[in-house]
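What follows is the residue order along each chain.
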Amino acid sequence: MIKLHDKYFKPFISAGEIQEAIAKMAKQVRADFKDEVPIFIGVLNGAFMFASDFLKAYDGPCEVSFVKLSSYRGLSSTGIVETLLDVPEGVEGRSVVILEDVIDTGNTVKELVLMFSEINVKRFRIAGMFYKPEAYNGEYRIDYVGITIPDRFIVGYGLDYNELGRNLPEVYQINDKPMINLVLFGKPGAGKGTQANFLKEKYDLKHISTGDVFRYNIKNGTELGKLAKSYIDKGELVPDEVTINMLRDEVEKNPEANGFIFDGFPRTRAQAEALDELMDSKTMKIHATIALEANDEVLIERLLERGKVSGRTDDQDENKIRNRFEEYNEKTAPVLEYYNEQDKLHNVNGIGSITEITDRLSAVIDTLYKKEEA
Ligand code: AMP
């Protein structure tokens, strides 16, 4: 997910897919213009990348020029097309192929057809890198299409949102829902994992549990797993550096996420600071930390019960459990203060039925979305 001005965008079409489509299109055009030297005319500003890549992929003699038109302001076409750079000289009697970045409503296409109708060109063809059939009025034929896409606002690969995003080598689509990132906080056994499983479905969020990632690595015998095991077996925290790097990898594996639920992270102040830095570097942020509250007696009982079914050795031994609580009191509890200072801390009663607790958490999360959507 990236942020341009006030909006979030998520990855949509990779640089590789774009290049593949261009190679195909260039071949097709080449076959149609075997015995000619066509003039390719890129439509600025959006088509500068497409024109550049297309020309590199075009294996034959050709010329290149540009016109400049504009019909976009913000997220939608204004319907009025301005001509900012007119038809180049010397196209009379020549074959012209227009290179347009995106075929949308058809306003720009219409303007181009009008511009060139006054000049006697030999053949006039239109190539669109991205084509939105649902939006296009169909007035003129689009001769070559790179990639057909649904009627969604896109940026990247020459296309902008209020001038930002043109330099991105791949295409992003707008993310309608605001991104919300949550930290689910609580002592071992507070029900973070159980609740995260419901919340991730309900709000379409990516759930990252550092404990789960460690256990997965232990099960698969990875280097990370071997390292983590020695700490987990004693009920101690895995060193910050290891955990922070692992978390960064997990976030980076999910560029399309609508938001994250961090479960079991951060567990130290250093981790909380590292998380803020990571979020900052991706123009994301933590919106709230929700702490599930329950007293130690209830938690110990829950953990011992869970240990019987899950087979987690750190849940089966009361000494290990007590040690995890000590680690929590000493290292993790200060994290609450960290978020409290930022006015992001929400305490939720963690005692009750699973659905009761989900409802309490949802009430908090709903207000976050409302605030972001406002
Ligand atoms: P959990 O499943 O969250 O209870 O985590 C199980 C164990 O994994 C913990 O007792 C720690 O040893 C380790 N672990 C999980 N998350 C972290 C973290 N953020 N920092 C350090 N150690 C962690």
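Now for a description of the structure that goes with this document. (Residues numbered from 1 in each chain as written. Predicted model: local features only at pLDDT ≥ 70, side-chain atom pairs only at ≥ 80, totals over all residues. Heavy atoms only, no water.)

Turning our eyes to something else, we now look at the packing of aromatic side chains. The tally for this structure, following the rule as stated, stands at 14 aromatic pairs. For the pair Phe9 and Phe153, a centre-to-centre distance of 6.2 Å together with 45° between the ring planes defines the contact as tilted. Of this pair, Phe9 sits in strand β2 (residues 7–13) while Phe153 sits in the loop between β8 (144–148) and β9 (154–155), placing them 144 residues apart in sequence. Side by side, Phe9 and Phe153 carry an identical accessibility label, which is buried. For the ring pair Phe260 and Phe262, a centre distance of 5.6 Å and an interplane angle of 20° mean the geometry is stacked. With relative accessibility at 2%, the residue Phe260 sits in the buried group. Among the aromatic residues, those joined into a cluster by ring pairs are Phe40, Phe50, Phe54 and Tyr58. Geometry around Phe33 places Arg123 over its ring, the cationic atom sitting 4.2 Å from the centre. (Phe/Tyr/Trp six-rings, centres within 6.5 Å; stacked < 30°, edge-to-face > 60°. Helix = DSSP H or I, 4+ residues; strand = E, 2+ residues; numbered from the N terminus. Buried < 20%, exposed > 50% of the residue type's maximum accessible area, 1.4 Å probe, protein only. Lys NZ or Arg CZ within 6 Å of the ring centre and 35° of its normal.)

Another point: the site of the ligand. The local shell around the ligand holds 15 residues, among which Thr210, Arg215, Glu236, Gly264 and Gln271 are the closest. In the environment of the ligand, a nitrogen atom lies 2.8 Å from a nitrogen or oxygen atom belonging to the backbone of Gly264. At a separation of 3.3 Å, an oxygen atom of the ligand approaches a polar side-chain atom of Arg312. Protein coverage of the free-state accessible area of the ligand, which is 480 Å², stands at 96%. For the shell around the ligand, the leading source of residues is helix α5 (residues 210–219), giving four residues. Classifying every residue of the shell around the ligand by side-chain character gives five nonpolar, five polar and five charged. (Near = heavy atom within 4 Å. Polar contact = N/O pair within 3.5 Å; in protein donor to acceptor, adjacent residues only side chain to side chain. Areas by Shrake-Rupley, 256 points an atom, 1.4 Å probe, with all protein chains shown as cover. Nonpolar A, V, L, I, M, F, W, Y, C, P; charged D, E, K, R; others polar.)

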